[in-house]
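# A look at the structure
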Amino acid sequence: MRKYQRCTRCVMDTSDTMISFDENGVCDHCKNFEKRIKPNLKPQENKLEELEAISKGIRKAGKGKEYDCILGLSGGVDSSYLAYVAKEIMHLRPLIYVVDTGWNLNVAVENIEKIVKGLNLDMYTDVVNWKEMADLQLSYFKAQVPFQDAPQDHAIFASLYNYATKNHIKYVLTGSNQSTEFVRPPLEFMPLNDLRLLKDIHKKFGKRKLSTFPMCGIFKYRLLYRYIYGMKRVFPLDYVVYDKENAEKLLHDRFGWTRYENKHYENVFTRFYEGYYLVNKFGYDTRKNVLSSQILAGMISREEALNILSKNTYDPEQIEQDKEYIAKKLGIKKEEFDKIIVGEKKSWKDYKNVMKLILLGAKICKLFGIESRNLR
Ligand SMILES: [Zn+2]
């Protein structure tokens, strides 16, 4: 077992099993930030000019069409603020795309409605077949892997991309942004989009055919959609001042949007997965990479971050309630669910996968500066 160590600059530690430290105890995420990300951070005024140039291109390409771009809205702060930026700053005509995986919290659904109404936008909702969703999610639990959010993530991503391609919407706006995501969660806990892995896990543990479940593999996404259909991803939040607290305040004041605890907690499943399952079974707390990014961005101090980490991920009573709710919804007894949770730890290496290929692709992206965060 490796000796426990925590970075002296950020709050990443040896729960990221491949982390390395220099003689001063600074981790490789911080080194990567200094070397590759910081020098490329552009001053604000240039960015707004660049954003306007991008917006112009999108508006021009979308002339005469019903929508000039599409954006996935979860009701969280990133995507909600993105919708605001798209309409009010970029003057675009986005189609708001919502994927209902069956787990959305009421507060998220209400936020979506408020944003769509407040900005006077059109919305399309794709409801994923619940029986297939549940079968796949239960398969993942039985597979004992860390990344329990993969079925949801995949459905959301694939649904939107497939829809956009089918309807000839070329531009996809995404709420991912460098200002809050300098440090990636370790790949062992959050692998990239691997459809082979998903299919193998389902083949081994699933009971029902996935006939309507949205799917989009790395080849379709990277090659077919991007190079044949000319689909383009745009990251508007990298071009505006994106301070989460101010964004939340603006959304609240203008649309009556409500904030909720933690970045991805708009969803009962994600809340339980990140706030309990991953922490308890695999010892990884996703708040570490989020807080580390904020430290590197100069938004909070290391002490503040450590203080946050010393507190519970979320209310223990709520955790028990969520556990019961999820077990019931997935159609298993709570005892069975508990057994799965304390069972043997597995990784993507235990199943068929194309991670080698995906990692190679990611390395190439890094080489060309498309991805600048640490991937490993
Ligand atoms: Zn560090």
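The structure contained in this document is the topic of the report that follows. (Residues numbered from 1 in each chain as written. Predicted model: local features only at pLDDT ≥ 70, side-chain atom pairs only at ≥ 80, totals over all residues. Heavy atoms only, no water.)

### Some points on unusual backbone geometry
Heads up, the rule is: In this description a helix means any DSSP run of H or I spanning at least four residues, a strand means any run of E spanning at least two, and both kinds are numbered starting from the N terminus. Burial status follows relative accessibility: with a 1.4 Å probe on protein chains alone, a residue under 20% of its type maximum counts as buried, one over 50% as exposed, and anything between as partly exposed.
Its identity as a non-glycine residue notwithstanding, N120 has a phi of 55 degrees, on the positive side. Here N120 lies in the loop between α4 (106-118) and β3 (122-127). On the accessibility criterion, N120 (66% relative accessible area) is exposed. At H168, a residue that is not glycine, the phi angle is positive and equals roughly 55 degrees. Following the sequence through the fold, H168 ends up in the loop between α6 (150-166) and β4 (171-173). Residue class for H168 comes out exposed when judged on its relative accessible area of 61%.

### What to know about the coordination of the zinc ion
Threshold: Think of the donor list as every N, O and S atom within 2.8 Å of the metal, or within 3.2 Å for Na, K and Ca; water never makes the list, so a site can look incomplete. Here a site with four donors is tetrahedral if all angles are between 85 and 135 degrees, and a site with four or six donors is square planar or octahedral if opposite donors are over 155 degrees apart and the other angles are between 65 and 115; anything else gets the irregular label.
Distances from the zinc ion to its protein donors, C7 (SG), C10 (SG), C27 (SG) and C30 (SG), fall within 2.3 to 2.4 Å. Note that the zinc ion binds four donor atoms; their angles at the metal cover 104 to 117 degrees, and the shape is tetrahedral. The motif formed by the donor residues of the zinc ion, counted along the single chain, is C-x2-C-x16-C-x2-C. Separated by 20 residues along the polypeptide, C7 in the segment before α1 (28-37) and C27 in the segment before α1 bring together distant segments of the chain. Exposure remark for C27: the relative accessible area of 0% places this residue in the buried category.

### Some thoughts on the pattern of salt bridges
So the rule is basically this: Whenever Lys or Arg places a side-chain nitrogen within 4 Å of a carboxyl oxygen from Asp or Glu, that contact is recorded as a salt bridge.
Taken as a whole, this structure holds 19 salt bridges when the rule is applied. Of the charged contacts in the structure, one is a salt bridge between D200 and K204, with a shortest N-O distance of 2.8 Å. Note that D200 and K204 are positioned in helix α7 (residues 195-205) at a spacing of four residues, about one turn of the helix. You can call D200 buried: its relative accessible area is 6%. By relative accessible area, K204 is classed as partly exposed at 48%. Here E320 makes a salt bridge to K323, at a shortest N to O gap of 3.7 Å. Taken together, the residues span about one helical turn, with E320 and K323 both in helix α13 (residues 316-330) at a distance of three residues. Residues joined by salt bridges that share partners form a network here, namely E320, K323, K334 and D338.

Any functional reading would require information that these geometric values do not contain.
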